[in-house]
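# Observations on the model geometry
The lines below spell out each chain.
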Amino acid sequence: MNGTPPPSTGRPGRSGQSGQSGRIAPAGQPTPGGPPPQPSAPTPADRTGGVAEPGVPGYSGTDLERWEPEPDKRPGRTAFQRDRARLLHSAALRRLAGKTQVVTPGVSGQAWDASPRTRLTHSLECAQVGRELGAALGCDPDLVEVACLAHDLGHPPFGHNGERALDEVAADCGGFEGNAQSLRLLTRIEPKRFRTDLETGEPTSVGLNLTRAALDAATKYPWPRGGHPTDPASPKFGVYEDDLPVFHWLRQGAPPAGTCFEAQVMDWSDDVAYSVHDVEDGLHAGHLDPAMLLAEPERREVFAVAASRYAPGADPAELAEALDRLLDQEWWPHGYDGSALAQARLKDATSQLIGRFCQAAEEATRAAYGTGRLTRYAATLVVPGPVRLECAVLKAVADRYVMQRADQERLRAEQRVVIAELADALIARAPHGLDPQFRALFATAAADGDDAARLRVIVDQIASLTDASARSLRARLTAPR
């Protein structure tokens, strides 16, 4: 426990009911014969529990507020520097090292295969891209880095394949979505700060207790399941029903279903990082021969993937022009043999691509909004259409030659079995098999007789596992007794 919160915090108890938002500072003394005293506006010290933080240019005091007010341990840091430190030191971020990005470590037949990326290294690279692009546009770089570091925290074992399998497991408690799980980790699961539940008097986790602006910047899909602004059937959403109170708090002042500027920078940085680096990993692993991209049958298949998954409605001729623009660059890797020179040329190509995609977005956004500081809801990131198509084609190349390999489909099928059998075992035997943190939450849900809450705890437990720990726990729980 980190102290007792002030009265009327506006934060929900277990019932999810919330009171007034914000904290009211003590009123001043009345003057003789004058009007009754009025509450004074909250000060930075009020919002942080007694220690004022430095302001951040371009951001208001509301942006810097935390779900639970708290003092800084070392005055002088900005609120976003504190947020960044919390992400870097979190167990959830460390666990991403054990979650596959695209190429599974240790499966390449090439003797010169470099270590492929994991979810952690991808997140770090996304953060580097986002930090620089955001700073160039006037965002606070620490804030954008926080959003990039947080964007994949909710990914379960086995990435998107595990996500689909867990969504089936969680059908009776609202489903599963990696982005909604990221918000749940940040605001509930990752243990860092606690508050006193106003109804029960018990300590309740508020997760990392990041600032409002940081949580909003990390929210890629700001709506619950079925709330997509144009496609209610979309499987993408950013919040579970029982996390709506904190979601409504972090979205104060935001337009419905609109993402903040920092979230858009994070989203584009994610697209840039994984489109470029997935192709790089495919070359390192020997799955992709660049010469294939000159053959017409292969090109047609790549364009079909791009049009169906990454650039809906794009014309094949547009996609062909996008690919050819990249192939015509002097730095494009037309071959790869694993030599030191080839590795250096490939690394230069990835740098050139990242610079190309980010520079295009920076220039187009500046052309639309001028040279001032762009933050929160003051602008929309502008990415030229031809550049988006180039990015989409790169995603399709990685999809076609890495993810669609026959051995990958066999691996994905086996991974879905692991998730399903692990879920069945935990449902049958919980709290046995749960980590202490989730065992306590399961006991509370059981005491309340809440079947959906019990299932959600099991889903949270599985989502927190790495690829290896999911296999290990499944083997332990399904072994003959």
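So, how was this worked out
Residues numbered from 1 in each chain as written. Predicted model: local features only at pLDDT ≥ 70, side-chain atom pairs only at ≥ 80, totals over all residues. Heavy atoms only, no water. Helix = DSSP H or I, 4+ residues; strand = E, 2+ residues; numbered from the N terminus. Contact = heavy atoms within 4.5 Å. Areas by Shrake-Rupley, 256 points an atom, 1.4 Å probe, with all protein chains shown as cover. Expected span 1.5 Å × (residues − 1). Buried < 20%, exposed > 50% of the residue type's maximum accessible area, 1.4 Å probe, protein only. Polar contact = N/O pair within 3.5 Å; in protein donor to acceptor, adjacent residues only side chain to side chain. Core = buried A, V, L, I, M, F, W, Y, C linked by side-chain atoms within 4.5 Å.

On to the overall build of the protein, then. Secondary structure summary: the protein contains 19 helices and two strands in total. Intrachain contacts of the protein at a sequence separation of at least 6 include 70% that bridge at least 24 residues. If you sum the accessible surface of the protein, you get close to 21000 Å²; carbon and sulfur atoms cover 53% of it.

At 3.6 residues per turn, the α-helix brings residues three or four places apart onto the same side. Between its first and last C-alpha, helix α8 (residues 178-189) extends only 14 Å over 12 residues, short of the 16 Å set by a 1.5 Å rise per residue. Among the 12 residues in α8, 11 count as buried, and that is most of the element. Regarding α8, its N-cap is Glu-177, as a side-chain oxygen of that residue lies 2.5 Å from the backbone nitrogen of Asn-179 further along.

Glancing now at the nonpolar core. In globular proteins that are soluble, nonpolar side chains generally tend to be buried together. Within the largest apolar cluster, 127 residues are counted, with the highest numbers of intra-cluster contacts made by Leu-87, Leu-153, Leu-186, Trp-268 and Phe-357. Contact partners of Leu-186, with chain neighbours within four places excluded, come to Leu-87, Ala-150, Leu-153, Val-206, Gly-207, Leu-208, Asn-209, Leu-210, Leu-215 and Ala-218.

Pro-431 follows Ala-430 through a cis peptide bond whose omega is 15°. Tracing the backbone through its elements, the reader meets Pro-431 in the loop between α16 (406-429) and α17 (436-447). Unlike most non-glycine residues, Ala-257 shows phi in positive territory, near 65°. Counting through the fold element by element, Ala-257 comes out in the loop between α10 (244-250) and α11 (261-284). By relative accessible area, which is 27% here, Ala-257 ends up partly exposed. Non-glycine residue Arg-376 carries a positive phi angle of around 50°. Given a relative accessible area of 8%, Arg-376 falls into the buried group.

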